[in-house]
Amino acid sequence: MNKIYFKTSKFNRVVFPLLVIFNSVYIILMAINGYFNALSLVVIILLPLLFCFSFRKYVLSDTLFYIKNSIGFRYYVIPWSAMNRIYFQKKDIRINYTKPNGKMGYIVLRDVEDKQKLYYSLQQYMAHCRA
């Protein structure tokens, strides 16, 4: 099987750049007025961090499932053999898995562009790797 890629929803890809633009305008207005305080610094630091971590790419490969952040490093890496159950929890996809230390863990996939297709692809890969 080849790698399959899924991205975050278009809504997130539009909203977070707008937040960065808002942040830039806010910084310019604060610089013009010469007024910086703790709230200004929180807004200046927090919004770009939200932008960096908001975009995710979900990748299904032969050996594992991993989620990449917009920066490029792997955020979650789950081998197919560690997955116990995949199901819908309200409108999101929940994956139960066993951590390397033997404890149970879970991850909830939100804001995926095509949730149904991702869900069925996860089921197919999990069944293929277990067989």
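These lines cover the structure that appears in this document, whether it is placed above or below. (Residues numbered from 1 in each chain as written. Predicted model: local features only at pLDDT ≥ 70, side-chain atom pairs only at ≥ 80, totals over all residues. Heavy atoms only, no water.)

## Overview of the pattern of salt bridges
Here is step 1: Within the structure shown, the criterion is met by two salt bridges.
Here is step 2: Asp92 is the salt-bridge partner of Lys115, the closest N and O atoms lying 3.3 Å from each other. Of this pair, Lys115 sits in helix α3 (residues 115-130) while Asp92 sits in strand β6 (residues 92-98), and the two are 23 residues apart along the sequence.
Here is step 3: Relative accessible area serves as the criterion here: at 17%, Asp92 is assigned to the buried category.
Here is step 4: What emerges from the salt-bridge pattern is a single network uniting Asp92, Arg110 and Lys115. (Salt bridge = Lys/Arg side-chain N within 4 Å of Asp/Glu carboxyl O. Helix = DSSP H or I, 4+ residues; strand = E, 2+ residues; numbered from the N terminus. Buried < 20%, exposed > 50% of the residue type's maximum accessible area, 1.4 Å probe, protein only.)

## What to know about the packing of aromatic side chains
Here is step 1: If you walk through the whole model with that rule in mind, you get four aromatic pairs.
Here is step 2: Between the aromatic rings of Phe65 and Trp80, the centroid separation amounts to 6.2 Å while the plane-to-plane angle is 45°, which identifies the pairing as tilted. Highlighted residues: Phe65 in strand β3 (residues 64-69) and Trp80 in the loop between β4 (74-79) and β5 (83-89), separated in sequence by 15 residues. For the pair formed by Phe65 and Trp80, the shared burial category is buried.
Here is step 3: When the centroid spacing of 5.3 Å and the interplanar angle of 25° are considered together, the rings of Trp80 and Tyr125 count as stacked. Here the residue Trp80 occupies a position in the loop between β4 and β5, and Tyr125 occupies one in helix α3, the gap between them amounting to 45 residues. The pair Trp80 / Tyr125 is uniform in exposure class, with both members buried.
Here is step 4: Seen from the ring of Tyr106, Arg94 lies directly overhead, with NZ or CZ sitting 3.9 Å from the centre. (Phe/Tyr/Trp six-rings, centres within 6.5 Å; stacked < 30°, edge-to-face > 60°. Lys NZ or Arg CZ within 6 Å of the ring centre and 35° of its normal.)

## Considering the nonpolar core
Here is step 1: In terms of nonpolar packing, the biggest core is built from 20 residues, with Phe65, Ile95, Leu109 and Leu122 touching the most fellow members.
Here is step 2: The set of elements that each furnish at least two residues to this core consists of β2 (56-60), β3, β5, β6, β7 (104-109) and α3.
Here is step 3: A per-element tally of this core places α3 first, with five residues.
Here is step 4: If near-sequence neighbours (up to four positions away) are discounted, Leu109 is found in contact with Tyr58, Phe65, Ile67, Asp92, Ile93, Ile95, Leu118 and Leu122. (Core = buried A, V, L, I, M, F, W, Y, C linked by side-chain atoms within 4.5 Å. Contact = heavy atoms within 4.5 Å.)

## A closer look at the pairing of β3
Here is step 1: Taking burial as the measure, the six residues of β3 include five buried ones, the bulk of the element.
Here is step 2: Pairing analysis gives five bridges linking β2 to β3, with the strands arranged antiparallel. When the bridges of β3 are listed, Leu60 appears paired with Phe65.
Here is step 3: The turn linking β2 back onto β3 is made up of three residues. (Pairing = 2+ DSSP bridges.)

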